[in-house]
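As a plain string of letters, each chain reads:
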Amino acid sequence: GGGRHGGPQRGQRDTRGQAAQPAPPPAPAPVPAGPIRVPRAVTVEEFASKVGRGPAEIIKMLLGMGELKTISQSLSDEAVELLADELGMTIEVVSPDTEPGPEETSEETEEESPELLEPRSPVVTVMGHVDHGKSSILQWYRKQEMLALEAGGITQAIGAYRVHNHDRTVTFIDTPGHQAFTQMRARGAEVTDLVILVVAADDGVQPQTREALDHARAASVPVIVAVNKIDKENADPTRVRQQLAELGLQPEEWGGDTIFVDVAAKQGTNLEELLDMVHLVADLQELKANPSAPARGVAIEAHLDKGRGPVATLIVQKGSLKIGAPVVCGPAWCKVRSMVDDMGHHLEVAGPSQPVQVSGWSRVPTAGDEFKAVRDEREAKRIAQEREARVRQAEYVAAAKPVSLLDLLAKTQTDALPELRMIVKAATQGAVEALVDALEKMDQKKVRSTVLRSGVGAITENDVTLALASGAIVVGFNVRPDVGARQLGEREGVDIRTYQVIYHLLNDIEAATKGLLAPVQQEVVLGTAQVRQLFRTPRGVIAGSYVLEGKIVRNASARVLRDGAIVYTGTIGSLRRFKEDVREVLTGFECGIGIPDFNDIKEGDTIEAYEVREVAQT
Ligand code: GTP
Ligand code: MG
């Protein structure tokens, strides 16, 4: 069903903005005439804005109907119907288009007039086999750059950086390896202009050398070969050339068209020359961009920063990104609050090929998603929401049989090669990659592990739904399921496992394949509360909170969650209602919670009370 029809909701765009009467702003928005249209699986927040009410009011109505929802959760069609009744409005649920709306495509077709184009620096990815020296090359350039920096600025690891060479610069993507490269390409992002293929002269072409080459070719990206470790006694750069020539990379000196540079990354030998060659090849590509166009590019890294919230490193591909610009990136949007480069400088403007870390996002963008600057904040928000709705719609799938790690144990006896499907969530992109990497390195002869989806942030209902639909388990690494996800998981029997150390997860899988799953300490969540107001007292900060679900119990273990990520683990030290110490507080009541030794709590945080029980697994 292509959804090729015009999409009635577009003509019916909410008109509250334009129709702004000179009424006092705090007054509730007027109810629009005619039916209100909301996309299927609309979030509470979006629903609230469509009907002109506050999200808290909607959450309260839902509670009255026995539905516990947080502001970012989706509403079922039934819930929308009930809310419509309650509000006395006519509300229609529409399927979001599976194709982008006109706003999304209008600018894609714009032509660049050649006279506006200016040269830009190349964006380079370093690839090659394990231990052949990818990181060493990047580190050497990085070190030179820092030495050249007079004031010794505070370098920032933002996932990419610029290296100066004579009067020109090269942008290096700091995530060596073809997996990251391919992940980005899988998302449609073509950010790399040139690949440096590193081959150790003492080891020659290895499996990952071939893989890297395949990936570079698949992307039609030119390759320069860095033959590394030529300082080693058993170095044989000629053999490397022969091996690569067999793979179709004919060295220039042998009449081919591939540039080979012999280097020693440890000493920095010939690394300047390698940069010269990068410029030479880049010049042949005539890399150009219009710096005055609206900014566009790709997010190459993103994570949740404890202090600054979601941050993402963007590489601008064309145009110039400015502070305050409204930007969308996949289903995330932001009004650029700050831009920091790899030397910790705050930038006002970032032009083509410039990597910058941007804060101010509505949520953590996904590495590999493209970004673009749009007209205004309103449009950014709307496009982001439409995209999110499309994603949710796609995942609104029928339930299949859930599995658990224990099922795997049963399967090992029957199936020749059981498959463990996983959905992996973690607090940072780096952790996600490390986890996926570790899983892939596991012994695949006993169990085949497949990661269906991985991402940054809390485990959401969408993750659990996908797990349910595809017979997968959900694995969280320093993140927790939100309330909806946990309830859905419990109700449908989806195995949600959270870990703080990768090794523990690997151990569990290993044990399950051997049928040795030890008795585990099972965690039982007692309840969750939302922090609404902070009170500073001589004994520390007290979090004035509202119990959303279950109960909060004094002396129970507790975690503090911010956007689904664990920011602190401790205990409920004090629990009060109206100045009275109490033992527990139930759903729907307010209370004051003190968590000893943790004063960094913030409004909007979630406190999760839990206890640990020992259960035998049979
Ligand atoms: P992975 O990230 O594990 O895939 O490895 P990598 O390709 O990033 O290799 P890395 O830069 O970590 O280097 C691997 C080892 O080779 C390290 O012990 C380096 O010190 C060493 N090494 C790197 N370059 C040179 C070199 O030019 N000469 C010598 N002798 N050793 C080198
Ligand atoms: Mg490395």
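Residues numbered from 1 in each chain as written. Chains lettered and ligands numbered in written order. Predicted model: local features only at pLDDT ≥ 70, side-chain atom pairs only at ≥ 80, totals over all residues. Heavy atoms only, no water.

**Topic: the nonpolar core**
So, step 1. Membership of the largest hydrophobic core comes to 55 residues, with the highest contact counts inside it found for Leu 321, Val 327, Val 358, Trp 361 and Leu 439.
So, step 2. Ranked by residues supplied to this core, first place goes to helix H13 (residues 429–441) with 6 residues.
So, step 3. Listed in part, the 24 residues of the second largest apolar core include Ile 137, Tyr 141, Leu 194 and Val 263. (Core = buried A, V, L, I, M, F, W, Y, C linked by side-chain atoms within 4.5 Å. Buried < 20%, exposed > 50% of the residue type's maximum accessible area, 1.4 Å probe, protein only. Helix = DSSP H or I, 4+ residues; strand = E, 2+ residues; numbered from the N terminus.)

**As for the pattern of salt bridges**
So, step 1. In this structure the tally under the stated criterion is 23 salt bridges.
So, step 2. Here Arg 241 ties to Asp 262 by a salt bridge, and the two come within 3.1 Å at their closest N and O atoms. One end of the pair, Arg 241, is in helix H9 (residues 237–246); the other, Asp 262, is in strand S9 (residues 260–262), with 21 residues separating them in the sequence.
So, step 3. Residue Arg 241 is classed as buried on the basis of its relative accessible area of 8%.
So, step 4. When the shortest N-O distance is used, the salt bridge between Arg 486 and Glu 549 registers 3.1 Å. Here Glu 549 lies in strand S24 (residues 540–553) and Arg 486 lies in helix H15 (residues 483–492), a separation of 63 residues in the sequence.
So, step 5. Among the charged side chains, a network of salt bridges with common partners joins Arg 480, Arg 486, Glu 490, Glu 549, Arg 559 and Glu 608. (Salt bridge = Lys/Arg side-chain N within 4 Å of Asp/Glu carboxyl O.)

**Focus on the site of ligand 1**
So, step 1. In the neighbourhood of ligand 1, 15 residues make up the surrounding shell, with Lys 134, Ser 135, Ser 136, Asp 231 and Ala 265 lying closest.
So, step 2. At 2.9 Å, a backbone N or O of Asp 131 approaches an oxygen atom of ligand 1.
So, step 3. Contacts to ligand 1 include Gly 133, whose backbone N or O atom sits 3.0 Å from an oxygen atom.
So, step 4. In isolation ligand 1 offers 650 Å² of accessible surface; the protein chains occlude 71% of this area.
So, step 5. Sorting elements by how many residues they give to the shell around ligand 1 places helix H6 (residues 134–148) first, with 3 residues.
So, step 6. Taken together, the residues of the shell around ligand 1 sort by class into 3 nonpolar, 6 polar and 6 charged. (Near = heavy atom within 4 Å. Polar contact = N/O pair within 3.5 Å; in protein donor to acceptor, adjacent residues only side chain to side chain. Areas by Shrake-Rupley, 256 points an atom, 1.4 Å probe, with all protein chains shown as cover. Nonpolar A, V, L, I, M, F, W, Y, C, P; charged D, E, K, R; others polar.)

**A short note on the packing of aromatic side chains**
So, step 1. Using the criterion set out here, one finds 4 aromatic pairs in the structure.
So, step 2. On the numbers, 5.8 Å between centres and 70° between planes, the contact of Trp 140 with Tyr 141 is edge-to-face. A single burial state applies to Trp 140 and to Tyr 141, both of which are buried.
So, step 3. Between the aromatic rings of Tyr 568 and Phe 598, the centroid separation amounts to 4.3 Å while the plane-to-plane angle is 10°, which identifies the pairing as stacked. You can see Tyr 568 sitting in strand S26 (residues 565–571) and its partner Phe 598 sitting in the loop between strand S30 (590–594) and strand S31 (606–615), a full 30 residues away along the chain.
So, step 4. Judged by its relative accessible area of 23%, Tyr 568 falls in the partly exposed class.
So, step 5. Each residue in the set Trp 140, Tyr 141, Tyr 161 and Phe 172 is aromatic and connected to the rest through ring pairs, giving one cluster.
So, step 6. For the cation-ring pair, Arg 142 lies above Tyr 161, with the distance from its terminal atom to the ring centre recorded as 4.6 Å.
So, step 7. The aromatic ring of Tyr 610 is capped on one face by Arg 559, whose charged end is 3.9 Å from the ring centroid. (Phe/Tyr/Trp six-rings, centres within 6.5 Å; stacked < 30°, edge-to-face > 60°. Lys NZ or Arg CZ within 6 Å of the ring centre and 35° of its normal.)

**A look at helix H2 (residues 44–51)**
So, step 1. For H2, the complete set of buried residues consists of Val 44, Glu 46, Phe 47, Ala 48 and Val 51.
So, step 2. Positive backbone phi, at 70°, marks Gly 52, one or two positions downstream of H2.

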